[in-house]
Amino acid sequence: MPHRPASPWTAYACLALSMALVGSYVALSKPLVAALPVFLLAWLRFGIGGLAMAHWLKKPADEAPMTSQTRRLVFLESFLGNFLFSICMLFGVSLSSAVAAGVIMAAIPATVALLSWAFLRERISGRVWVAVGCAVLGIALVSLSKGVPIGPAAGADEAAMASRTAWLGNLLLVGAVLCEAAYAVIGKKLTGVLSPKRITAFINLWGFALVTPFGLWMAWDFDFSAVAPGSWGLLVFYALAASVWTVWLWMTGLRTVPANRAGVFTVMLPVSAAAVGVLVLGERLNGAQAGAFAIALAGVLLATLPQRASPGPAPAAPLP
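Here we summarise the structure given alongside this text. (Residues numbered from 1 in each chain as written. Predicted model: local features only at pLDDT ≥ 70, side-chain atom pairs only at ≥ 80, totals over all residues. Heavy atoms only, no water.)

**Focus: the overall build of the protein**
- Of the regular secondary structure elements, the protein holds 12 helices and zero strands.
- Going from N to C terminus, the protein has its helices and strands arranged as α-α-α-α-α-α-α-α-α-α-α-α.
- In the protein, buried positions account for 50% of the 320 residues.
- In the protein, the share of contacts with a sequence separation of at least 24, taken over all contacts with a separation of at least 6, comes to 92%. (Helix = DSSP H or I, 4+ residues; strand = E, 2+ residues; numbered from the N terminus. Buried < 20%, exposed > 50% of the residue type's maximum accessible area, 1.4 Å probe, protein only. Contact = heavy atoms within 4.5 Å.)

**Regarding helix α1 (residues 8–35)**
- With 28 residues, α1 extends 41 Å from end C-alpha to end C-alpha; this agrees with the ideal 40 Å at 1.5 Å per step.
- At S29, α1 shows its largest kink, close to 35 degrees, and the proline P31 lies no more than four residues downstream. (Expected span 1.5 Å × (residues − 1). Bend = angle between axes of the 7 residues up to and from the residue.)

**A word on a nonpolar patch on the surface**
- Together, V278, L279, V280 and L285 make up a nonpolar patch on the protein surface, roughly 390 Å² of accessible area in all.
- By relative accessible area, L279 is classed as exposed at 71%. (Patch = residues over 30% accessible without salt bridge, like charges linked within 9 Å, V, L, I, M, F, W, Y side chains within 5 Å. Areas by Shrake-Rupley, 256 points an atom, 1.4 Å probe, with all protein chains shown as cover. Salt bridge = Lys/Arg side-chain N within 4 Å of Asp/Glu carboxyl O.)

**Considering the packing of helix α3 (residues 68–95) against helix α8 (residues 196–219)**
- Following both chains from N to C, one finds α3 and α8 inclined at 60 degrees, their axes separated by 8 Å at the closest point. Considering their axes alone, α3 and α8 lie oblique with respect to each other. Along this stretch, α3 crosses α8, giving a crossing that reads as right-handed. Judged by residue contacts, V74, F75, E77, S78, F79, N82 and F83 of α3 engage F202, I203, N204, W206, G207, L210, V211 and F214 from α8.
- Split into classes, the residues belonging to the contact of α3 with α8 amount to 10 nonpolar, four polar and one charged. (Axes fitted to C-alpha atoms, helices over the stretch in contact; angles between N-to-C directions. Parallel < 35°, antiparallel > 145°, perpendicular 65-115°, else oblique. Left-handed = near helix turned anticlockwise from the far one by under 90°. Nonpolar A, V, L, I, M, F, W, Y, C, P; charged D, E, K, R; others polar.)

**Section: the packing of aromatic side chains**
- This model, assessed by the stated rule, comprises 10 aromatic pairs.
- Aromatic side chains F39 and F91 sit 5.9 Å apart centroid to centroid with 70 degrees between the ring planes, which places their arrangement in the edge-to-face category. Of this pair, F39 sits in helix α2 (residues 38–52) while F91 sits in helix α3; the two residues are 52 residues apart in sequence, bridging distant segments of the chain.
- Judged by relative accessible area, which is 30%, F91 ranks as partly exposed.
- Every member of this aromatic cluster is reached through a ring pair, and the members are F39, F75, F79, F83, F91, W206 and F214. (Phe/Tyr/Trp six-rings, centres within 6.5 Å; stacked < 30°, edge-to-face > 60°.)

**As for empty space enclosed by the protein**
- Inspection of every chain in the model, using the stated rule, returns three cavities of 30 Å³ or more.
- By volume, the largest cavity amounts to about 80 Å³.
- Y25, G81, E180, Y183 and T246 are the residues nearest the centre of the largest cavity, which is lined by 13 residues in total.
- For the lining of the largest cavity, the secondary structure elements donating two or more residues are α1, α3, α7 (156–190) and α9 (229–254).
- Grouping the amino acids of the lining of the largest cavity by side-chain chemistry returns seven nonpolar, four polar and two charged. (1 Å grid on protein atoms, 1.4 Å probe; cavity = no way out; pocket = protein on both sides within 12 Å on 5 of 7 lines; lining within 4 Å. Points joined across faces, edges and corners; volume = space filled by probe spheres on them.)

**Some details on the environment of G263**
- Residue position: G263 is located in the loop between α10 (259–262) and α11 (268–279).
- What makes G263 buried here is its relative accessible area of 0%.
- Not counting residues within four places of it along the chain, the set of residues in contact with G263 comprises P109 and V112.

**Regarding the pattern of salt bridges**
- The tally for this structure, following the rule as stated, stands at one salt bridge.
- For the salt bridge of E63 with R198, the shortest nitrogen-to-oxygen distance reads 2.5 Å. Taken together, the residues E63 in the loop between α2 and α3 and R198 in helix α8 connect sequence positions 135 residues apart.

**A short note on the side chain of R255**
- With respect to the element layout, R255 can be found in the loop between α9 and α10.
- Buried within the structure, R255 lacks any salt-bridge partner; its nearest side chain of opposite charge belongs to E63, at an N-O separation of 6.7 Å.
- Here T191 takes part through its backbone oxygen, which lies 3.0 Å from a polar atom of the side chain of R255. (Lys, Arg positive; Asp, Glu negative; His and termini not counted. Polar contact = N/O pair within 3.5 Å; in protein donor to acceptor, adjacent residues only side chain to side chain.)

**Quick look at the nonpolar core**
- Core analysis: the largest hydrophobic core is formed by 66 residues, its most contacted members being Y25, M89, M105, Y238 and W250.
- With 10 residues, α1 is the single largest residue contributor to this core. (Core = buried A, V, L, I, M, F, W, Y, C linked by side-chain atoms within 4.5 Å.)

**Concerning the packing of α2 against α9**
- Orientation of α2 relative to α9, taken along the N-to-C sense of each, is 65 degrees, at an axis distance of 8 Å. On the basis of the axis angle, α2 is roughly perpendicular to α9. Pair α2 / α9 crosses with right-handed handedness. In this structure, α2 contributes L41, L44, R45, F46, I48, G49 and A52 to the contact, and α9 contributes W232, L235, Y238, A239, L240, A242, S243 and V244.
- Partitioning the contact of α2 with α9 into residue classes produces 12 nonpolar, two polar and one charged.

Next comes the structure, spelled out in structure tokens:
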């Protein structure tokens, strides 16, 4: 069988680092979507990722052939977790902000728990139900907050346009949350039959195939010379982080950790997205968004802090 992480802490580190990288590229995609059309950006991302890990497609000698069910799950994993997530996230961030994305995506841990309960039959506690309520309240607050935090140099017209389109961006980001949660649940099933490297390579290949018609259409008359050199460097980081590093790290950790518990580590996504938005992109955190972020994180803590074990009955004496 493929190698498993040496300890649960190794798996936890892989999961946390994966989601921190996702949050970083969610935020950094804001300047990328300003330089490249969304479908062209997604196509280039999958293409660069595919070149980087083409050798991962080869089947190891000790791995069983894929069944038809596994192939369907691989397609769904790519369609929801790569293709639709990328489209919803990129359009959502372009219409909203990295800070808003961070707040809304704080709902991912609770959403993963719900889907794990529904599809994997993992038990969900009362505290997780309360966390779901906190996530919903956080999303409502950020969606109803006036305006979108933008850079200090933005003019009045830009601010007005951002306010009008923010609701659509927030709705798309909610769609990205659902896609990411489905990605975690389906990935748990796949790690039982495929190695993390092959899962990563296959779902990227499907993502490239799905977005290629749109990417070619956008590339046909796009002026590539107008893209600044710095944007190309950021694109390479985005492609490797989104298509290679984050997926491999997540699948490696998911082999050991239940999907319900792995969902906890998606809190690193909104934290890193909001941090990059404020510290790197110059966005501002308004009062409603700060409150929404605090409520969402409180819900995550409520759902993930270890519970005190209740004393059970004394163990029965062994039979003679």
